[in-house]
Every structure is written in structure tokens, then in C-alpha cells.
Amino acid sequence: IKFSDTLQTSVRFQLNHTNDNITNADDANNRDVQVRHAHLNYQHDNTKLKMGLVPVQESYNDVLYSKDWGYNPFGIEGFQNFKSSQVHYFFVNLNEGDEKQVKDDFTHYHVDYSYLYNAKTTLTFSVSHMNVLALGEHQNIALKIETPLAHNIKFNSFIMTSKSDRAILGTQEDAKGVAFLAEFQKHYRGVDTSLLITHASGKEDGSGFLVPLAFMQTNSYWGYTGILTVMPQTDTGFSSDSLNISNNGHGLNAIQAKSELFLTPKLKVQLSTGWFGATQTVNRSKDIGIDLLALGSYEIERNFTLDLGIDHAVISDSLSGYSGGILRGNNFNQAQSTSRKKTAFFGRLQIQF
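Predicted, not measured: the structure shown is a model, and the values here were computed from it.

Caption draft 1: Broad picture of the pattern of salt bridges. What the rule picks out here adds up to eight salt bridges. Among the salt bridges present, the one from Lys163 reaches Asp174, with a minimum N-O distance of 3.5 Å. Here Asp174 lies in the loop between α1 (166-169) and β10 (175-188) and Lys163 lies in strand β9 (residues 153-164), a separation of eleven residues in the sequence. Exposure remark for Lys163: the relative accessible area of 32% places this residue in the partly exposed category. Lys266 is paired through a salt bridge with Glu299; the nearest N and O atoms lie 3.8 Å apart. Taken as a pair, Lys266 in the loop between β12 (252-262) and β13 (267-277) and Glu299 in strand β14 (residues 287-301) lie far apart in primary sequence, 33 residues in all. According to the relative accessible area criterion, Lys266 is partly exposed, its value standing at 36%. Within this structure, Lys163, Asp165 and Asp174 form a network of salt bridges that share partners.

Right, here's the structure in full:
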């Protein structure tokens, strides 16, 4: 609802995943219709504020948190624009325990400072801090660069550190680590290609590099594949083997590639592949898995699209999925020395406007 040029409100409802249609279409968790986000937007000159249940902005390829997946905390988010820079910040509460107590809350404080170095290059420096219930604190510090390279290649890269109190994980030492990401994107006539390379340091007990996703047991669309990382079309029913960039503190090296072929003005085909491995675990494989995806998208008419795809993954025993989390210790998705194959056929009809 737009009240004026400076004041707006937004509400988004959500019907949870429904798998029982016999009588009243109960959803999977008996939570029926929920409010996904509900916020007030106020903008004046170079200042913009969002207050309420806010889908907060993420600037690091969705590796920290993801508003699309369900990171809609309660609080305030702000944007302050200057001549050649912007400050983005939020102060939010993800989970409030007893309202009379402060230490049992799950809160998140975050600041981004983005500087337009020149007409084509942007630098971003960020600090993220979380109070994790009454267990301890977690921090991420990051520096990102976005710039074009030769031959019209778009390049974005960041380096990020993390530190987490050992009481959160139940380990002997505090968790510490570093992660690196580099993405290259190139447009050809009728074809978009992308290459994504990531590294996150890890330790055998899971006290390596960590991100907020690991504490909240939620996921994000940070990769190119459909099982070991997920996309909007594959985030229900079979997403339990998806991992975050840290593999829940055990470390991760990954190489992913994607090609999007625009066969006609209405038909697009995406081909993706990913290799994930080099974890730090005890008596488990150094390979996490490989993932192959083929997806076709057809625009039936404007705003109305049909997606059909197939994904095949080979998964080793060192994958720690997003749903396991790391509070008081993390878990692997399967027993030692076991490997399995997973194939998914999927489709989606969606009207988007």
C-alpha cells in the first residue's frame, strides 16, 4: 500500500508446503497460512528505513543469509546514500525467548559500507555480529569487489573471516576460519556462462569457518546446482542434502559452472555442474559430491512460466546438510563409508508479477 511518496507498507502471506489434500489440505507442519513479511517503508531524501518483519538485503552471493529462503527477522533495516557510497545496516531479532530476558534472544547486527571506486568498480566492507541464544557470539568480517575484467567479463569476489564462541558448538576451541569466493560471468550471443569458485577453511570437529545460515539451520540460493545447492525450483521436498558454503564448519572447496542457453525468445535451457569436496573430517571422504543439472524454462505468456528439470547427484559421507545445524554439535547426512546417488525430476508452474 502506497500512502505517499515517502511512506509505504508491504505484507506477504505464505501457505506452507501442503502434502495432505484429503479434507482440509493440512500443511506439512500444521502451521497453515503465515505472515512471511510485514514491514513499513519510510524514505526521505537519501534515507530509507524498513521496520517490522523485514526481508533484509544480503550482499555476498547469499552465503550469509537469504531473504528468499525465509530470513525475515523482526527489527529495523536502513539505507543511507551519499555521493559515491552507501551505508546499509540492520538490527534485528530472529528468535525471542522469554520477553523478560535479553540473553536468551537470537539477535543479529549487521553493517555494509559500499564505495563506488569508479564508474565500474564497487568495494564493500561488512561486519556481522550475532548473539546466539544464551550460548555465545558469532562474527563475520568481509571485503568484496565487483568490477569488469577484459573481454566483458563480470567479476565479483570476496574474502570473509569468522569467529564463533566454542560454547555454541560444544568444541574445545573457538571456531575460526576464512572463506573466499570468486565468480566470473560472460555473455555471448544467446548464451550466458558463469563460473563460481569457493573455498572455506574447516576443522575436523566442525570449528572452522561458519556463517549465520549454519546457526539458523536455514538455506540459501548461493550455488548453481539443484541438490547439493538449491535453486527456487528445487527447494522443497528434496532439499535436505543442500549445504552452505562452510559445510557446517568442516570446510568446503567447490567449483561450479553454469550455462544458460536462450534457444528462442520464450525458451531457455540451463545446464549446471558442481564438484564439492576437501572437507576436514575424521574417517570420512575428502569428496562431498558432484551434482549435474538440466533445466528448461518456457514462458507460456508474459509472467507465466513452466520449468521442467532433472538433477543427479552422487553424495559422499562428509556432507553436513543445512537442516542439521551446528548448535551444540553438528551432524552428517549419512553414516561413515557410505555413498549414495540421488536423482530428482521436478517441475514448477508460476505466475510472477
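Caption draft 2: Examining the packing of aromatic side chains more closely. Here the structure, examined in full by the defined rule, presents nine aromatic pairs. Ring centres of Tyr60 and Phe158 lie 5.3 Å apart, and the angle between their planes is 85 degrees; on these two criteria the pair is classed as edge-to-face. Linking Tyr60 in the loop between β3 (47-53) and β4 (74-81) with Phe158 in strand β9, this pair joins segments that are 98 residues apart in sequence. What makes Tyr60 buried here is its relative accessible area of 0%. By relative accessible area, Phe158 is classed as buried at 2%. Look at Trp69 and Tyr221: their rings are 5.8 Å apart centre to centre, the planes differ by 70 degrees, and that puts the pair in the edge-to-face class. One end of the pair, Trp69, is in the loop between β3 and β4; the other, Tyr221, is in the loop between α2 (212-216) and β12, with 152 residues separating them in the sequence. Judged on exposure class, the residue Trp69 and its partner Tyr221 are both buried. Here the guanidinium or amino end of Lys144 rests over the ring plane of Tyr60, the centre of that ring lying 5.9 Å away.

Caption draft 3: Expanded view of the pairing of β9. Summarising the sheet, strand β8 (residues 136-149) and β9 pair through twelve bridges and their orientation is antiparallel. Counted as the bridge partner of Gln139 is Lys163 from β9. In textbook terms, the turn of a hairpin is the stretch between consecutive antiparallel strands, and for β8 and β9 this stretch comprises three residues, one of which, His151, has a positive phi near 60 degrees.

Caption draft 4: Summary view of a nonpolar patch on the surface. Taken together, the side chains of Tyr113, Tyr115, Tyr117, Leu123, Phe125, Val127, Ile141, Leu143, Ile145, Ile159, Val178 and Phe180 define a hydrophobic patch exposed on the protein surface, amounting to about 1,000 Å² of accessible area. Listing elements by their share of the nonpolar patch, those giving two or more residues are β6 (106-116), β7 (122-132), β8 and β10. With respect to the helices and strands, Leu143 occurs in strand β8.

Caption draft 5: Seen up close, unusual backbone geometry. In this model, Ala278 sits at a positive phi of 60 degrees, which is unusual for a non-glycine residue. As for its position among the elements, Ala278 is in the loop between β13 and β14. Among the residues examined, Ala278 registers a relative accessible area of 31% and is labelled partly exposed. Here the phi dihedral of Asn303 falls at roughly 75 degrees; this positive angle occurs in a residue that is not glycine.

Cut-offs applied
- Residues numbered from 1 in each chain as written.
- Predicted model: local features only at pLDDT ≥ 70, side-chain atom pairs only at ≥ 80, totals over all residues.
- Heavy atoms only, no water.
- Salt bridge = Lys/Arg side-chain N within 4 Å of Asp/Glu carboxyl O.
- Helix = DSSP H or I, 4+ residues; strand = E, 2+ residues; numbered from the N terminus.
- Buried < 20%, exposed > 50% of the residue type's maximum accessible area, 1.4 Å probe, protein only.
- Phe/Tyr/Trp six-rings, centres within 6.5 Å; stacked < 30°, edge-to-face > 60°.
- Lys NZ or Arg CZ within 6 Å of the ring centre and 35° of its normal.
- Pairing = 2+ DSSP bridges.
- Patch = residues over 30% accessible without salt bridge, like charges linked within 9 Å, V, L, I, M, F, W, Y side chains within 5 Å.
- Areas by Shrake-Rupley, 256 points an atom, 1.4 Å probe, with all protein chains shown as cover.

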